[in-house]
Amino acid sequence: MVKRVSLVILLLALAVVISNFFPAGLAGPDQAQAAKAAQRPVVWAVKTETRGLDPHQFDYDYDQKPQRGALEPMLEHRVQPDGSIKLFPLLAESWTGSEDAKVWTFKLRPGVKFHDGTPWDAAAAKWNLERLFALKKVPASRIPTDVWPAEGGIEAVDEMTLRITLAQPFAPFPELMVKKYMISPTAAKAHVKDDDQAQAWCNENMVGTGPYLLDEWVKGQYISLKKNPDYWGGWEGNHTDRIILRYVQEASTHRLLLEKGDVDLSEKIALDDLAAVAKAPGVVVEEHNVPRLIHFYMRQEGPFEDVRVRRAMAHAFDYEPFIKGVWNGRAGKALSPLPSTVWTYEAQPEIKYDLELAKKLLAEAGYPNGGFEVTIYILSSYGWFQPREAQILQASLKKLGIEAKIVDFQDAGAAISTFKKPSLGPSFYAWTFANAFDDPEDNLRRSYRSDGALNFAKINNPKFDELIDKGAVTADKAQREAIYKELQKLIWNDYPAVYTAEEHWFVTKREALHGFDFYPFVINMSPNWYLMWVSE
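Conventions adopted
Residues numbered from 1 in each chain as written. Predicted model: local features only at pLDDT ≥ 70, side-chain atom pairs only at ≥ 80, totals over all residues. Heavy atoms only, no water. Helix = DSSP H or I, 4+ residues; strand = E, 2+ residues; numbered from the N terminus. Rg over C-alpha atoms; globule rule 2.2 N^0.38 Å. Buried < 20%, exposed > 50% of the residue type's maximum accessible area, 1.4 Å probe, protein only. Contact = heavy atoms within 4.5 Å. Areas by Shrake-Rupley, 256 points an atom, 1.4 Å probe, with all protein chains shown as cover. Lys, Arg positive; Asp, Glu negative; His and termini not counted. Charge placed at Lys NZ, Arg CZ, Asp CG, Glu CD. pLDDT = per-residue confidence, 0-100. Axes fitted to C-alpha atoms, helices over the stretch in contact; angles between N-to-C directions. Parallel < 35°, antiparallel > 145°, perpendicular 65-115°, else oblique. Left-handed = near helix turned anticlockwise from the far one by under 90°. Nonpolar A, V, L, I, M, F, W, Y, C, P; charged D, E, K, R; others polar. Pairing = 2+ DSSP bridges. Phe/Tyr/Trp six-rings, centres within 6.5 Å; stacked < 30°, edge-to-face > 60°. Lys NZ or Arg CZ within 6 Å of the ring centre and 35° of its normal.

1. Structural notes on the overall build of the protein
Argument step 1. Of the regular secondary structure elements, the protein holds 18 helices and 21 strands.
Argument step 2. Against the 2.2 N^0.38 benchmark of 24 Å for 536 residues, the protein shows a C-alpha radius of gyration of 25 Å, consistent with a compact globule.
Argument step 3. When the backbone C-alpha atoms are referred to their principal axes, the protein occupies close to 80 × 55 × 45 Å.
Argument step 4. Buried positions account for 54% of the 536 residues belonging to the protein.
Argument step 5. For the protein, long-range pairs separated by at least 24 residues make up 70% of all intrachain contacts whose partners lie at least 6 apart in sequence.
Argument step 6. Of the roughly 22,700 Å² of accessible surface on the protein, a fraction of 52% belongs to carbon and sulfur atoms.
Argument step 7. With 62 positive and 71 negative side-chain charges, the protein shows a separation of 2 Å between the mean positions of the two kinds.

And the structure:
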């Protein structure tokens, strides 16, 4: 039977009482420490609840927190001691790509079973990927649709060998396997209803290969996972027996829970509270550079079709009060259309606040006194800083003779629908891009290619398209790096956006939490729960 969290807490308290009668000193030091770690669940206070447990439908960072406990991918990223990220095999033992980056072969890990006792093998991997592409949801769209394998392109070569032939060469393909979690085909097939490919059932249940089993999901309150005793990785060393994700909206409650030690991790401590929280006994605050770039894109219509006007806008934004004032100095200066943590990043010449230069550029473009109007669109429910960011821009534009109206959307759907309108007029829209994986392909294709899924600014530069496509099909790493460095320079000098800052990310946790390695791509994507434990 599924246990309630209250029962879990009662049992933990009982375990502490029993431990007083059976001191840890009677066992070896390592055994005692491991036993203590197992007694204590890892509790994470999160602000956004998962939308569903089916990894082929939902893969945002908040979706993956519970998914990663029970489900595993073929490849995963691991944080190295120096903070760098490397790609490692998990359900695969190795992988190779053809010289043209079109054919990818994965040797799978033998001896692994799903929670229902059925085997993990090439047939299971094939079924998972075919289902992923058939559903055509967001997890599949992260691979460009013109790259998807054609019919018959996913093959179980033998029991433990999977071969994927892409429709087009695609060099970063292995990076995208990190987020592709595997579920039991047998369990899913047994719960198909009305040809839904078991989507409804998979959103409420997880049958994977991972170290934990879904225990209970009380919607709006928490999800708990418990130890899978048959996990293929074994249970030697320190591991927690249980994971609890608590859904908490208020930042003040997050702070209270963390300071009291009721949770081990919190993801919603207010920026202004960080200094005080860092002084609380037993609490650690970490600041990380992350691949999150904050900008105002310019819809390239009317005056914004002229690069001189776009450049003037970039010099009209007052960066210092935004970074030092709004962000309390806890953000960085953006120096590229790529975040600085992404592979191939190369800093470009700094764009500084300079109203005189902005006036000169506007005069050269035929707007000596401004004389036009723009709209600044923001979504403050997503970015707390956006209203103040927009006000800084609005004040500078007024000095240039440009009237700017600020429109704040209530939800993302309305915002995106507006940005997509064929003729919106000259306007800015606030945007924050977070790279899902450590490759420029993720950012550049979707944002700057003429047909990019996120190109609402109407950027249309044939040279951008050419280099983006060339970078995707070039297998040689040095050649790819050269392509993307050239592309960064071209984009930077075309001024498609006002790059206002690079966001920093803050991890707030208890000192007693071990094994949590911050993973910067797709912010706060679930860590490897198997490595985490609490020492108190």
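Having seen the model, we can carry on.
2. Let's talk about the confidence of the model for the protein
Argument step 1. Confidence along the protein averages 89 in pLDDT terms, with 92% of residues attaining 70 or more.
Argument step 2. Scored below 50 in pLDDT, residues 1–29 shows 22 contacts in the model against residues more than four places distant or in partner chains.

3. Considering the packing of helix α17 (residues 462–473) against helix α18 (residues 477–492)
Argument step 1. Across the interface, α17 lies against α18 with an axial gap of 9 Å and an inter-helix angle of 160 degrees. Between α17 and α18, the angle falls in the class roughly antiparallel. Seen along the crossing, α17 lies across α18 with a hand that is left-handed. Residues K463, F464, L467, I468, K470, G471 and A472 of α17 form the contact with α18, whose own contacting residues are R480, I483, Y484, E486, L487, L490 and I491.
Argument step 2. Looking at the contact of α17 with α18 residue by residue, the class counts come to 9 nonpolar, 1 polar and 4 charged.

4. Observations concerning the sheet that holds strand β8 (residues 161–165)
Argument step 1. Strand order across the open sheet formed by 4 strands is β5-β6-β8-β7, with antiparallel pairing between neighbours. Each edge of the open sheet carries a strand with a single partner, namely β5 (92–97) and β7 (154–158). For this sheet, the mean inter-axis angle between neighbouring strands, taken without regard to orientation, is 20 degrees.
Argument step 2. With 5 bridges connecting them, strand β6 (residues 103–108) and β8 associate as antiparallel partners. Opposite F106, over in β8, you have L162 as the bridge partner.
Argument step 3. Along the sheet face, helix α4 (residues 122–135) touches β6, β7 and β8 and points at about 180 degrees away from the line of β7.

5. Side note on the pairing of strand β19 (residues 497–510)
Argument step 1. Among the 14 residues that make up β19, 14 are buried, leaving the element largely enclosed by the rest of the structure.
Argument step 2. Sheet topology places strand β13 (residues 265–266) next to β19; 2 bridges connect them, and they run antiparallel. Within β19, the residue paired with L265 across the bridge is K509.
Argument step 3. Note that strand β14 (residues 283–298) and β19 share 12 bridges and pair antiparallel. Each bridged residue has a counterpart across the sheet, and for V284 the counterpart in β19 is K509.
Argument step 4. Bridge analysis of strand β15 (residues 331–332) against β19 gives 2 bridges, and the strand direction is antiparallel.

6. Topic: the packing of aromatic side chains
Argument step 1. This structure, assessed with the given rule, holds 34 aromatic pairs.
Argument step 2. With a centroid separation of 6.3 Å and 75 degrees between ring planes, the pair formed by F114 and W120 is classed as edge-to-face. Of the two residues, F114 and W120, both sit in the buried class.
Argument step 3. Each residue in the set F296, F304, F317, Y319, F322, W327, Y367, F372, W384, F385 and F428 is aromatic and connected to the rest through ring pairs, giving one cluster.
Argument step 4. Directly above the aromatic system of W217 lies the positively charged group of K219, at a separation of 4.7 Å from the ring centroid.
Argument step 5. The ring of Y319 carries K333 above its face, with NZ or CZ at 4.5 Å from the centroid.

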